[in-house]
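Listed here are the chains, written in short residue letters.
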Amino acid sequence: MAREDRNIIGYTVALISEFATRYGIHPRQAYAYLKRYKGMEHLRNHYSVLHTLSFPDTVDVMTQVCQNNGGKLQ
């Protein structure tokens, strides 16, 4: 596996964990929520920018993306 791929995977796992912590849910629930409301798609499409932000800022962005697609977490 390429180094860049490992970095993306590591970042994604950490971001899901941070998202779960913020909302007091299990990481599996966080992943399912992000996937359902297009947060994971947004992360894949904009990783090059999102990974330069702080985790709190990225969680804010992901929250907004999910809300824009029907998610209810605030």
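Our subject is the structure listed above.
Conventions adopted
- Residues numbered from 1 in each chain as written.
- Predicted model: local features only at pLDDT ≥ 70, side-chain atom pairs only at ≥ 80, totals over all residues.
- Heavy atoms only, no water.
- Helix = DSSP H or I, 4+ residues; strand = E, 2+ residues; numbered from the N terminus.
- Rg over C-alpha atoms; globule rule 2.2 N^0.38 Å.
- Core = buried A, V, L, I, M, F, W, Y, C linked by side-chain atoms within 4.5 Å.
- Buried < 20%, exposed > 50% of the residue type's maximum accessible area, 1.4 Å probe, protein only.
- Contact = heavy atoms within 4.5 Å.
- Expected span 1.5 Å × (residues − 1).
- Arc of directions from axis to C-beta.

(A) A look at the overall build of the chain. For the chain, the helix and strand inventory stands at four helices and zero strands. Overall, the chain shows an N-to-C arrangement of helices and strands of α-α-α-α. Its C-alpha radius of gyration of 12 Å places the chain within 12% of the 11 Å reference for a compact globule of 74 residues. Dimensions of the chain, computed from C-alpha atoms along their principal axes, come out at roughly 35 × 20 × 20 Å.

(B) How the structure looks around the nonpolar core. By size, the foremost hydrophobic cluster in this structure holds 17 residues, and its most contacted members are Tyr11, Leu15, Phe19, Leu34, Leu43 and Met62. For this core, the secondary-structure elements that each account for two or more residues are helix H1 (3-23), helix H2 (27-36), helix H3 (39-50) and helix H4 (55-68). Considering each element in turn, this core owes the most residues, six residues, to H1. Beyond its immediate stretch of four places on either side in the chain, Leu43 contacts Tyr11, Thr12, Leu15, Leu50 and Met62.

(C) Representation of H4 in the model. The end-to-end C-alpha distance of H4 is 20 Å, a good match for the 20 Å that 14 residues give at a rise of 1.5 Å each. Three or more residues of H4 are buried, namely Thr58, Val59, Met62, Thr63, Val65 and Cys66. Angularly, the buried residues of H4 cover 165° about the axis, an arc narrow enough to put them on a single face. The elements touched by buried residues of H4 are H1, H2 and H3.

Everything listed is a geometric property; what it means functionally is a separate question.
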